[in-house]
Amino acid sequence: MKQALILHGTDATPQSNWFTWLKDQLEQDGYTVWLPQLPNCDKPNAKTYTDFLLSSPDLTFTNDTIVVGHSSGAVGALHLLQNLPENTKIKTAFLVSAFKDDLGWDALGGLFDEPLDFANIKTKAEKFVFLHSDNDPYCPIEHAQYLSGQVGGELIIKSGQGHFNTELGEQYKEFPELLEIIKEDAASR
């Protein structure tokens, strides 16, 4: 059974940006989708997120599961993968506007209390796809380059798309390009 987990970013909700739209599109394609409100997302914490996600009965992680994370949700996805039970592996992690440190923001420090164990993370997904803009105002492109290099992921760089959110404009109430990347990935297996 195809499953998807979508993780929003800092100070966001499931209704922010393109998240609900993507959920609806994936459900039309036969996915069971979980789009939770992450706890205390004004100060994201990797352990809090991971404990919350792993304790939920709403999703089991299998080789038919994809995880989509945006911004701090992408960092949360990496920590989630790191903490999946041994011999548990998902299909693909799609990480949009990911970053590798607290970006100088005190509120993001809790995402990095536990260092990322890339050797372990690499064993928890068949594939990693990073999507980043060349002009993200928050997350330097070098962060996505570093992270994708650490896990052997594919890095897709888009021009002028900011943080892939509605700060850029209402067009990011939807994200057809990400949906197409997910569909292409599913078709290639």
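Predicted model, so just to flag it, every value in this text is computed and none were measured.

On to the overall build of the protein chain. If you tally the helices and strands in the protein chain, you get 6 helices and 6 strands. Reading the protein chain from its N end, one meets helices and strands in the order β-α-β-α-β-α-β-α-β-α-β-α. Taken over C-alpha atoms, the radius of gyration comes to 15 Å for the protein chain, in line with the 16 Å a tight globule of 189 residues would show. With respect to the principal axes defined by its C-alpha atoms, the protein chain has extents near 35 × 35 × 30 Å. Counting over 189 residues, the protein chain shows a buried share of 51%. Across the protein chain, contacts joining residues at least 24 apart in sequence account for 78% of those joining residues at least 6 apart. Of the roughly 8200 Å² of accessible surface on the protein chain, a fraction of 46% belongs to carbon and sulfur atoms. Side chains of the protein chain give 14 positive and 27 negative charges; the mean places of these two sets differ by 6 Å.

Examined against the element boundaries, Gln-161 turns out to sit in the loop between strand 6 (154–158) and helix 6 (176–187). Leave out the neighbours within four places in its chain, and Gln-161 touches Ser-133, Asn-135, Leu-168 and Tyr-172.

Moving on, we get to the pairing of strand 5 (residues 125–133). Two faces, one strand: in a regular strand the side chains alternate between the faces of the sheet. The element strand 5 is extensively covered by neighbouring structure, given that 7 of its 9 residues are classed as buried. Examined bridge by bridge, strand 4 (residues 90–96) and strand 5 share 6 bridges and lie parallel to one another. Within strand 5, the position partnered with Ala-93 by the bridge is Phe-128. Relative to strand 6, strand 5 runs parallel, the two sharing 5 bridges. Looking across to strand 6, one finds that His-132 is bridged to Ile-157. Each parallel crossover has a hand, and the one from strand 5 via helix 5 (residues 141–151) to strand 6 is right-handed.

A separate point is the nonpolar core. Ranked by internal contacts, the top residues of the largest apolar core, which has 28 residues, are Leu-5, Leu-81, Ile-90, Leu-95, Ile-121 and Phe-128. Where this core is concerned, the elements lending two or more residues are strand 1 (3–7), helix 2 (46–55), helix 3 (72–82), strand 4, helix 4 (118–121), strand 5 and helix 5. In terms of residue count, helix 3 provides more of this core than any other element does, 5 residues in total. Excluding anything up to four places from it in sequence, Phe-128 contacts Leu-78, Leu-81, Ala-93, Leu-95, Ile-121, Lys-122, Val-151, Gly-153 and Glu-154.

Once that is clear, we can look at the state of the cysteines. What the rule picks out here adds up to 0 disulfides. Free cysteine: Cys-139, not disulfide-bonded; nearest cysteine sulfur from Cys-41 at 15 Å.

Across the sheet, which stays open at both edges, the 6 strands sit in the order 2-1-3-4-5-6 with parallel pairing between neighbours. In the strand order of this sheet, the two ends are held by strand 2 (32–34) and strand 6, each with one partner. Here the strands of the sheet are splayed against their neighbours by 15 degrees on average, with no regard to which way each runs. Both strand 1 and strand 2 contribute to a ladder of 3 bridges, which runs parallel. In the strand pairing of strand 2, Gln-3 is matched with Thr-32.

Looking now at helix 5. Where helix 5 is concerned, the buried positions are Ile-141, His-143, Ala-144, Leu-147, Ser-148 and Val-151. The buried residues of helix 5 occupy an angular sector of 155 degrees when the element is viewed end-on, so they sit on one face. Among the residues trailing helix 5, Gly-152 stands out with phi positive, at a value near 65 degrees.

Calculation notes
- Residues numbered from 1 in each chain as written.
- Predicted model: local features only at pLDDT ≥ 70, side-chain atom pairs only at ≥ 80, totals over all residues.
- Heavy atoms only, no water.
- Helix = DSSP H or I, 4+ residues; strand = E, 2+ residues; numbered from the N terminus.
- Rg over C-alpha atoms; globule rule 2.2 N^0.38 Å.
- Buried < 20%, exposed > 50% of the residue type's maximum accessible area, 1.4 Å probe, protein only.
- Contact = heavy atoms within 4.5 Å.
- Areas by Shrake-Rupley, 256 points an atom, 1.4 Å probe, with all protein chains shown as cover.
- Lys, Arg positive; Asp, Glu negative; His and termini not counted.
- Charge placed at Lys NZ, Arg CZ, Asp CG, Glu CD.
- Pairing = 2+ DSSP bridges.
- Right-handed = clockwise from strand over helix to strand, strands pointing away.
- Core = buried A, V, L, I, M, F, W, Y, C linked by side-chain atoms within 4.5 Å.
- Disulfide = S-S within 2.5 Å.
- Axes fitted to C-alpha atoms, helices over the stretch in contact; angles between N-to-C directions.
- Arc of directions from axis to C-beta.

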